[in-house]
Structures are given as C-alpha cells and as structure tokens.
Amino acid sequence: MRKLYSTIIVLLVVSNAIAQNKKEFQIKFETASHIILENESQKILDKVASLSKSKDNYYVQIIGHTDNIGNLDYNYTLSNERAKSVADFFIANGFLEKDIYLSGKSFLNPISENKSEKGKAKNRRVTIIISQKKQQEIRFAGLKLKEQTYTIDNSKTEVLDYKSGTKITIPENSFMDKNGNTVTGTVSIKYLEYREPTDYILANIPMDFHDGKENFYFNSGGMFKINAIKDGEEVFLKNGKNINLDFKITQELPNLNFYQLDSKNKWVELSKLNTTSNFGGYDVIEGEDIYTMNYYNLCNSTSCDSFNDIRNFGIKNSETENSLSKFYNFSAEKLKPKTEEKATNTATEKEKKSRKEEIIKSYKKGIENNLVRIEAFKNRITNETPKYSLKKIADENSELLFNINFEVITNVQNLNFKKINWSTNNTSQIAENDWNKKWNSCVITLNENETFTIVLKDSVNELSINANKMISDKINLNKPALLSEKMNKGFEIQLKKISKYEKINEKYAKRNSDFEKKIADLTSNLSQKKQTDSIKIYTNKNFVKCFWENSKSYMTAEEQNLTLIDWISYFDINKSLMNERYKNLQNSSDCIELYKKREEANRLAYENQKQSAVAILKANQLTRSLSITNLGIYNCDQIQRLQNPIEIFAEYKDENAKEIKPLFIYLLDSKFNGIIKYDGYNNYSPYRFAYSPSSKNTILAFDGNGDSYIFESEKFKNINTSEKNLKYNFTMTKIDNLKDDIDLKKLL
C-alpha cells in the first residue's frame, strides 16, 4: 500500500511539472471574424500570468481553425488571420516575435461536426500551446558550429587566412568600444563561414528574402559571421575602417548579390556582385600574349635565335647598297609609328577599354540601385516618424475624456494607445486648435498622486496636460505605471529606427560619391588618347659591336686580329665574301639542333604559363572582393524560386502514430544550396507549404519539446501529387544520438 501511495505521489509530481512546462488551451471567435473577443483576451492574460518564468523562456505555438462556411482557400486565409491576431496580442504583451510560431489549418481539423451552429462555434477557434524552452535555441541535440578565433593587435594591419581560402584584411586601429574610444592592445576576432545546408540549419539563419513584392529563397554562394571581443566585451568597427575580404564562394552563380542580416533578422541587399573575372582568358596575363613573350637576348651566344639574328644581319649589311660603317655611325631620334604595334597589344587595349566600360556600367547601376534604396529609406523615415494627435471622446460634467492616437502602425505600442483613454477634470487645458495638431513627441509621467502628466511637443509648441487618469476596458490596468513606460518606449524605438535609417542613407550616399569619383577617373582615362607613338634615340654602335663579337668564330685568323673599327672597314671592302659567309651559315647543324631545343623550351614555357593562368582564373572566379562597414552576418547569394511547386496540406505523426505538432519545418531542395523554413510567416506553415516534386526533397521538423524528426527524400514518392487540395499525413522518424555535424550530414 505504501508503495502504491509513493507511486501516485511521483505521478502527481511529474504531471504537475509537465503542466508547468506546457500550457495548451483554445479561444473562440465569431463567424468570419479574426478579432479577439474581450473575454477570450482575458483568458490568454490569465494563462500568461500563471507562467512560472519570464516570457522569454517560452515558445508560443498558435494554430488557427475555422468552420466549413466558404471554400478551402478563404478559410485558410481566415485561419491565418486569426492566428496572426493572437500572435500580435502576445507580442503586445511582452513575448518575443522570434519565439512565436503561427499557422492556419482552414476547416481541415474540426473538433466537432459542422452540421449545427453549436458545432461550428466549437470549430471557430485558435489553439495556443505555450512551451517552456529546454534550451536557448532549437538545435539537433545542442549541436553547434565552432567559430575560428584570431588574436590581433589593433594598432597593426592584420591579414587573416580562413580554412576555405578566404583572406580577411583588417586595417590598423579599426575597433572602438561602446563609448567610441579606440581599443588598445589585442582584440579577439570570431569568424565563421556557412557553406552548406547543415551549416544553415545549425546556425538557424533565415534563408529567404522579400523584395517588397515577392518572397524568394536563397541559393547560397556562402555566408559568414564576424564579430570582435575585447576583455569579454563586444567592440565595434570605427567609421571609415572597412574590413576587406577575398571571400571564397561555394560555387560560381549568375546574379550573385551581397546581403547583410539586420537587427530584425531580415536580409538587406547591399550590392550586386560582378561575376566577370579580371582575366580575359588563359592565354592573356597582364595584357601580354604568352606565346610572344621574349625568351632570348641577341647577345646570348648560346642561343640559336642569336645565331639567326647574326646570320640575317650579316647578309643584309653585305648587300651592295648597304654600308656597315654607316650603320655603325648612325644615331637619330626616330618615331615609332602606330602600325608597328603588335596586333596582340591592340586586342589587349580594346579588351582593357571594354572592361573599363563594363566597370563604369556596373558603377552606374550601383548608383541607380543605391538611389532607389535611399528613396525607400526616406519613405521609411517619413512613415516611422512619430506622430501623435488628440481625439476628444466626451466633455461633460466637468470631465474631459480623450484618446491619444499614435500614428505609427509598425510600432506595437500603437495597440496600447488605441486601447487606453485618458480622463481629466481640468477641461480647459486643451485649446480648440490643439485637437487638430500633429505632435512629434509624447512623454507620459506618473505623478505621486497616481495621476499622469502628458507632454506633447512639435517643432514649435508644447502642450502639457495634467492630472490625467488612465482608463480602459480593453486591457488589465493593474500596472498603469508599466504601461506608461511601454508607451514612452514606443517613441524611443521610433527615434532609434529613424537614426538607423539616416545612417544607412549616409552610407549609400557615400558609396555613390565613391562610385562617381571612380567613374570620373575611368572616364578620364578612356577619353585620353593613348600615346602609342614613341620617340626613341637609336644608336647602332653597341649593336654592331655585339655582331662583331659573335661573328669571331666564323672569321679568318687575319680578321680576328683586327680591331672593331678596322673589321668594319674590312667587312665593307669584302662584301661579296661576307655575303657568301653568312648565307652559308644557314646550313649549320649546330643551328638546327639549337633551334629545336629553343622551340621545345618555348613550348614548355607556354604550357606552364597557360596552366598557371588557368589556375589563377579558376581561383579568381571563386573569389569575391567584399568590403564591410559593420560586424555581423553577411551572405553572397542568388535569389531563386521553387521550380513548378505544388502546395500540400500536412499533418504529422511519429512511427507510433502519435500526433506531432511542429513549431516549424525545414525543406531541403536538392536543386539549390539552401533551406526553406516554414514557420507560419509569408503565408506558409508546417501545415501548408510548397515543394517542387521534380527535386529531391527532405523535411526536418521541430516541436516545442525540443525533439526533431526527419522525413527522408525517398518517402516523397509515396505522395500522390495529382490530387486536388493535396493532403498528406507525414510519418516522421525521430532523430536521436547525433554526435556532431558530420553525423547530421550523413543523415541528410
């Protein structure tokens, strides 16, 4: 009996612990509505109040449902709107957006028959699951990617090499602390690259991009994260101190863009990356054709090229009309005409000009893109600038009732301003024209007598409204002081946003200024006529002396005893003899053998240069030169759509047929280097998502208990894709015993 009691007590303790870690409940909605009813919002607040830990220790899963009035698509949209309304309520009450997962199931999961009004009312619901986090981030058994740590001297320029081949150049005195002071001594650089799907999963990095019209997925050329630490504290890049990277991309992709992950976990496009290599081809290095490179010197007596030059020079100068003596004594300024330039050099100049024109074109495109961004951020600044207005609700019995409208819909405090009214007995404080004004700031201060003072300001005027009481039947006013602090914080948040957008615009404006300077320099170079003509002073004395010395082996004993000047005279007197001598040299067996060796040496040199150039070209094609002005996470990615996708409504169960309720899923598509996360945003969730049947696909699912599951690619063949309104119940395999990222790669 005692043993039985002990068992019961243990079960009760375990059950209570589970209840504390997870709360699942439902709220109801009216027909065709996504507005949360007042009694239902109170139900949520009561559940939240019973949580044992702070709100950032929980995940919130929100699943919307409908009755069967209307078609599938209409009800899917309605179920998502209901889930979104509840998500907004949680965010307004202190939960983090990143911890909220929402989805809609339309009318596909009724809990009652839809034949009666009572049954339909039960189905018009949202299921809310609040789960305590088992770990800070959802990962496979806590697997993490390891950063590379470098220790640098901040007073020196440092070049860091990463295992992928990436080179990171950090200029001297680049870092400052949070107070703006230059850091002295050593700094720890934390650097990590993400190059394949397992990296993106373990890092939990978003792999989609919304351009304002459409949501795209990333086909990645590689991502990286870089941060800096000094004595355990984060440090920052100083203005004007850019870190430059020769970044090794994973694959050569067209239309690569460069992005940075912002503070809202959204990607911001920084620039278009030029995919054109700096090399024109394997046979051109620094503008000089490899095969025509000069491998010999006239005065190198061991070279057969020298031998041929001597023979040809001797024949030419022994002809009747020429004089070696005159040639020896001649020197002049001679103009080298354009027509004597090599064709290869002409082609190279044209190629260089073409490249410069392409660079100018890319700079102009960059300026155009930056102007679009600047205009977009100007619009954001306009939209995000705080605006407050007063709305009179009632003015009777010596009491004025009014509301403050906070006209920034992107700020969550907008909800509090809407739901809270204010009451004051001093009805004369607000002049008639104050009701029509737009105010730039609003500060709410709690007084000792538990009333509030509200101060509104614009660029010229200030309005102070005293002895106000906070009134609302929409929210719990147990902590009005806390609510007023939150409302004040809404103003601070907007100022920070505006400051951030202004800095971004300054950055884009500076970038355009730099582009314009570069365009001016390149345009100036193009407009200047290249001086291909050159004036050169020719003196032939050294040349003739070289000819004389290399001809001695073919002279008679008498000639060899002559001085250079005497031999030149002897040469001109005996032209017929000299002409015959040098013509006969062409049959020399030594020359033929030397010539063959020289040809082979030239061929090998050409092949070596060709192979080196090809290697350099390939290496540079997989390298992108990047420059960053802030630390953080960046990527070089191509945006992509799924190929011929279909939509599917999904349910999940484990191998024991037990229902699984994923917070989110990852879809791995074999046709691009990336992952697709379905978490309830951008109109898709774990319960309705899109995939491409022509690809090899894998699904990874994660629930609020910290468990992960896989649906292997070969199982997709069992799905009948011809069905209309395709529905499928995925049988998932639980993932256990992963030791490291290598095990994860094998699994996938």
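A short tour of the structure in this document, coming up. These numbers were taken from a predicted model, which means no experiment stands behind them. (Residues numbered from 1 in each chain as written. Predicted model: local features only at pLDDT ≥ 70, side-chain atom pairs only at ≥ 80, totals over all residues. Heavy atoms only, no water.)

A count of helical and extended segments in the protein gives 16 helices and 36 strands. For the protein, with 748 residues in total, the buried portion stands at 41%. Counting only contacts in the protein whose residues sit at least 6 apart along the sequence, the fraction spanning at least 24 positions is 72%. Here the protein displays about 41,600 Å² of accessible surface, and carbon together with sulfur accounts for 49% of that area. (Helix = DSSP H or I, 4+ residues; strand = E, 2+ residues; numbered from the N terminus. Buried < 20%, exposed > 50% of the residue type's maximum accessible area, 1.4 Å probe, protein only. Contact = heavy atoms within 4.5 Å. Areas by Shrake-Rupley, 256 points an atom, 1.4 Å probe, with all protein chains shown as cover.)

Strand order in this open sheet of 3 strands is 32-29-35, and the pairing throughout is mixed. Each edge of the open sheet carries a strand with a single partner, namely strand 32 (688-691) and strand 35 (727-731). Each strand of the sheet is rotated relative to its neighbour by a mean of 50 degrees, with strand direction disregarded. The pairing of strand 29 (residues 646-653) with strand 32 spans 4 bridges and is classified as antiparallel. When the bridges of strand 32 are listed, glutamate 647 appears paired with alanine 690. (Pairing = 2+ DSSP bridges. Axes fitted to C-alpha atoms, helices over the stretch in contact; angles between N-to-C directions.)

Attention shifts here to the sheet that holds strand 7 (residues 167-170). The strand order across the open sheet formed by 4 strands is 6-7-14-27, and the pairing between neighbours is antiparallel. At either margin of the open sheet sits one strand with a lone partner, and together these are strand 6 (158-161) and strand 27 (623-628). The average undirected angle you get between the axes of adjacent strands in this sheet is 15 degrees. Relative to strand 27, strand 14 (residues 243-248) runs antiparallel, the two being bridged by 6 bridges. Along strand 27, the bridge assignment pairs isoleucine 243 with isoleucine 628.

Pairing of strand 20 (residues 388-396) with strand 21 (residues 399-406) involves 8 bridges; the strand directions are antiparallel. Looking across to strand 21, one finds that tyrosine 388 is bridged to phenylalanine 406. The hairpin turn running from strand 20 into strand 21, its antiparallel successor, is 2 residues long, and asparagine 397 in that turn takes a positive phi close to 55 degrees.

Working note: a packed helix pair is described by the angle between its axes plus the distance between those axes. Their axes nearest at 5 Å, the elements helix 13 (residues 564-573) and helix 14 (residues 575-584) cross at an angle of 90 degrees. Of the possible angle classes, the one that applies to helix 13 and helix 14 is roughly perpendicular. Taking contact as the criterion, the partners of Trp567, Tyr570, Phe571, Asp572 and Ile573 in helix 13 are, on helix 14, Lys575, Leu577, Met578 and Tyr582. When its residues are assigned to classes, the contact of helix 13 with helix 14 shows 7 nonpolar, no polar and 2 charged. (Parallel < 35°, antiparallel > 145°, perpendicular 65-115°, else oblique. Nonpolar A, V, L, I, M, F, W, Y, C, P; charged D, E, K, R; others polar.)

Applying the stated criterion across every chain yields a total of 22 salt bridges. Put simply, aspartate 88 and lysine 84 hold a salt bridge, and the shortest N to O gap is 3.0 Å. Residue aspartate 88 and its partner lysine 84 are located together in helix 3 (residues 72-92), separated by 4 residues, close to a single helical turn. For arginine 624, the salt bridge is made with glutamate 252, and the minimal N-O distance between the two is 2.5 Å. In this pair, arginine 624 sits in strand 27 while glutamate 252 sits in the loop between strand 14 and strand 15 (257-261), placing the two residues 372 residues apart along the sequence. What emerges from the salt-bridge pattern is a single network uniting Asp73, Glu647 and Arg688. (Salt bridge = Lys/Arg side-chain N within 4 Å of Asp/Glu carboxyl O.)

Where helix 11 (residues 541-550) meets helix 13, the closest approach of the two axes is 11 Å, and the angle between their N-to-C directions is 80 degrees. As far as their axial angle goes, helix 13 and helix 11 are roughly perpendicular. In this structure, helix 11 contributes Val544, Lys545, Phe547 and Trp548 to the contact, and helix 13 contributes Leu564, Trp567, Ile568 and Phe571. Residues that form the contact of helix 11 with helix 13 fall into these classes: 7 nonpolar, no polar and 1 charged.

Here we come to the packing of aromatic side chains. Per the stated rule, a full pass over the model turns up 38 aromatic pairs. Ring centres of tryptophan 567 and phenylalanine 571 lie 5.5 Å apart, and the angle between their planes is 55 degrees; on these two criteria the pair is classed as tilted. Highlighted residues: tryptophan 567 and phenylalanine 571, both in helix 13, separated by 4 residues, approximately one helical turn. An identical accessibility class is assigned to tryptophan 567 and phenylalanine 571; each is buried. (Phe/Tyr/Trp six-rings, centres within 6.5 Å; stacked < 30°, edge-to-face > 60°.)

All right, on to the side chain of arginine 688 then. Tracing the chain through its elements places arginine 688 in strand 32. With residues near it in sequence (within four places) discarded, arginine 688 still touches Asp73, Tyr76, Glu647, Ile648, Phe649 and Asn683.

All right, on to the environment of asparagine 21 then. Relative to the assigned elements, asparagine 21 resides in helix 1 (residues 2-21). For the pair formed by asparagine 21 and isoleucine 130, sequence separation is 109 residues and the distance between their alpha carbons is 8.1 Å. If we skip the residues at most four places from it in the chain, asparagine 21 touches Ile130, Ser131 and Gln132.

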